[in-house]
Amino acid sequence: MMLIGNLRHRPVRRLVQLFGGLLLYGASMALMVRSELGLNPWDVFHQGVSRLTGLSMGTVVIAVGLLVLLAWIPLRQRPGIGTLANAVVVGLAVDLTLALLPPVEPLAAQIALLTAGIVGNGMATALYLGARLGPGPRDGLMTGFTARRPGRSLRLVRTVMEVVVLAVGALLGGKLGVGTIAYALAIGPLAQFFLPRFDVPEPHPGTTTPRIETAPTP
């Protein structure tokens, strides 16, 4: 299957931005884990599965990402370099950061970790989306399902999926808390704030000047 993402245009900038964003994404997830104040819906699910199976959270992130990619096949979604990298690099970054960062006790430190994790996650989202080398496995699942069901809005599909994984994750013991609410409220505005600063638009066909496009919603 052909990968999406044209690396002929500014390949070094886009690859550095992609992998920097994925490493930051995994590190920011680990900061939220160490805050003990709540995780985003998918990470509540990842943590719940981790506690159930005894696998590290990063291993679960990788395994779930690869399983989600299998669901792309009937949806006829095309992965990109960024999609495949996302499925692996984020999980490795989560485990590495958790290994280096011990748990913290004071509430002020936990709030600082939560804040840094949410802001870092918003920046990381803009970095890897701005590289335009393919969506993450979970994002592609949502957009692929919407494309196959034109009558369903992306917002509705995303909401339903995240509510389901959040509920399952909470039942499995994933951490649901104030951080979950803070993430839901802040991640969209943060990604929209950072994306114009990191977006690398591809040249318009037949020209050498990049065109300016509306930033995609993460």
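As a reminder, the structure under discussion sits directly above these lines.
To start, this report covers the structure provided alongside it. (Residues numbered from 1 in each chain as written. Predicted model: local features only at pLDDT ≥ 70, side-chain atom pairs only at ≥ 80, totals over all residues. Heavy atoms only, no water.)

A word on the overall build of the chain
Phase 1 of the analysis: Broken down by element type, the chain carries 8 helices and 0 strands.
Phase 2 of the analysis: For the chain, the sequential pattern of α-helices and β-strands runs α-α-α-α-α-α-α-α.
Phase 3 of the analysis: By residue count, 47% of the 218 residues in the chain fall in the buried class.
Phase 4 of the analysis: Look at the contacts in the chain between residues 6 or more apart in sequence, and 79% of them connect residues 24 or more apart.
Phase 5 of the analysis: On the chain, roughly 11000 Å² of surface is accessible, and the fraction owed to carbon and sulfur atoms is 70%. (Helix = DSSP H or I, 4+ residues; strand = E, 2+ residues; numbered from the N terminus. Buried < 20%, exposed > 50% of the residue type's maximum accessible area, 1.4 Å probe, protein only. Contact = heavy atoms within 4.5 Å. Areas by Shrake-Rupley, 256 points an atom, 1.4 Å probe, with all protein chains shown as cover.)

Overview of the side chain of Thr97
Phase 1 of the analysis: Within the fold, Thr97 resides in helix 4 (residues 81-100).
Phase 2 of the analysis: Look at Thr97 and you get buried, because its relative accessible area is 17%.
Phase 3 of the analysis: With sequence-adjacent residues up to four places away left out, Thr97 is seen in contact with Ala27 and Ala30.

Structural notes on a positive patch on the surface
Phase 1 of the analysis: A surface patch of positive charge is lined by Arg76, Arg148, Arg149 and Arg152.
Phase 2 of the analysis: Its location among the elements puts Arg76 in the loop between helix 3 (57-75) and helix 4.
Phase 3 of the analysis: According to the relative accessible area criterion, Arg76 is exposed, its value standing at 65%. (Patch = residues over 30% accessible without salt bridge, like charges linked within 9 Å, V, L, I, M, F, W, Y side chains within 5 Å. Salt bridge = Lys/Arg side-chain N within 4 Å of Asp/Glu carboxyl O. Lys, Arg positive; Asp, Glu negative; His and termini not counted. Charge placed at Lys NZ, Arg CZ, Asp CG, Glu CD.)

Section: the environment of Gly117
Phase 1 of the analysis: Relative to the helices and strands, Gly117 is located in helix 5 (residues 107-130).
Phase 2 of the analysis: Accessibility expressed as a relative area gives 0% for Gly117, which makes it buried.
Phase 3 of the analysis: Residues Gly117 and Met29, 88 residues apart in the sequence, show an inter-C-alpha distance of 6.2 Å.
Phase 4 of the analysis: Setting aside residues up to four positions removed in sequence, Gly117 forms contacts with Ser28, Leu31 and Met32.

Quick look at the pattern of salt bridges
Phase 1 of the analysis: Per the stated rule, a full pass over the model turns up 2 salt bridges.
Phase 2 of the analysis: Between Asp199 and Arg132 there is a salt bridge, with its nearest N and O atoms 2.9 Å apart. Separated by 67 residues along the polypeptide, Asp199 in the segment after helix 8 (178-198) and Arg132 in the loop between helix 5 and helix 6 (137-148) bring together distant segments of the chain.
Phase 3 of the analysis: Its relative accessible area of 22% is what places Arg132 among the partly exposed residues.
Phase 4 of the analysis: Between Arg158 and Glu162 there is a salt bridge; the shortest N-O distance is 3.2 Å. Note that Arg158 and Glu162 are positioned in helix 7 (residues 154-171) at a spacing of 4 residues, about one turn of the helix.

Points about the nonpolar core
Phase 1 of the analysis: Judged by nonpolar contacts, the single largest core of 32 residues is most densely connected at Leu18, Leu22, Tyr25, Met29, Met57 and Val90.
Phase 2 of the analysis: When residues of this core are traced back to their parent elements, those giving at least two are helix 1 (11-35), helix 3, helix 4, helix 5 and helix 8.
Phase 3 of the analysis: When sequence neighbours within four positions are dropped, the list of residues in contact with Tyr25 reads Val90, Asn121, Ala124, Thr125, Tyr128 and Tyr183.
Phase 4 of the analysis: With 15 residues, the next largest nonpolar core counts Val49, Val68, Val157 and Met161 among its residues. (Core = buried A, V, L, I, M, F, W, Y, C linked by side-chain atoms within 4.5 Å.)

Regarding a nonpolar patch on the surface
Phase 1 of the analysis: Together, Leu156, Val160, Val164 and Val168 make up an exposed nonpolar region whose accessible area comes to about 310 Å².
Phase 2 of the analysis: Relative to the helices and strands, Val164 is located in helix 7.

Regarding helix 5
Phase 1 of the analysis: Compared with an ideal rise of 1.5 Å per residue, which puts 24 residues at 34 Å, helix 5 spans 34 Å between its outermost C-alpha atoms and is within 8% of the ideal.
Phase 2 of the analysis: Downstream of helix 5 by one or two residues, Arg132 has phi in the positive range, about 55°. (Expected span 1.5 Å × (residues − 1).)

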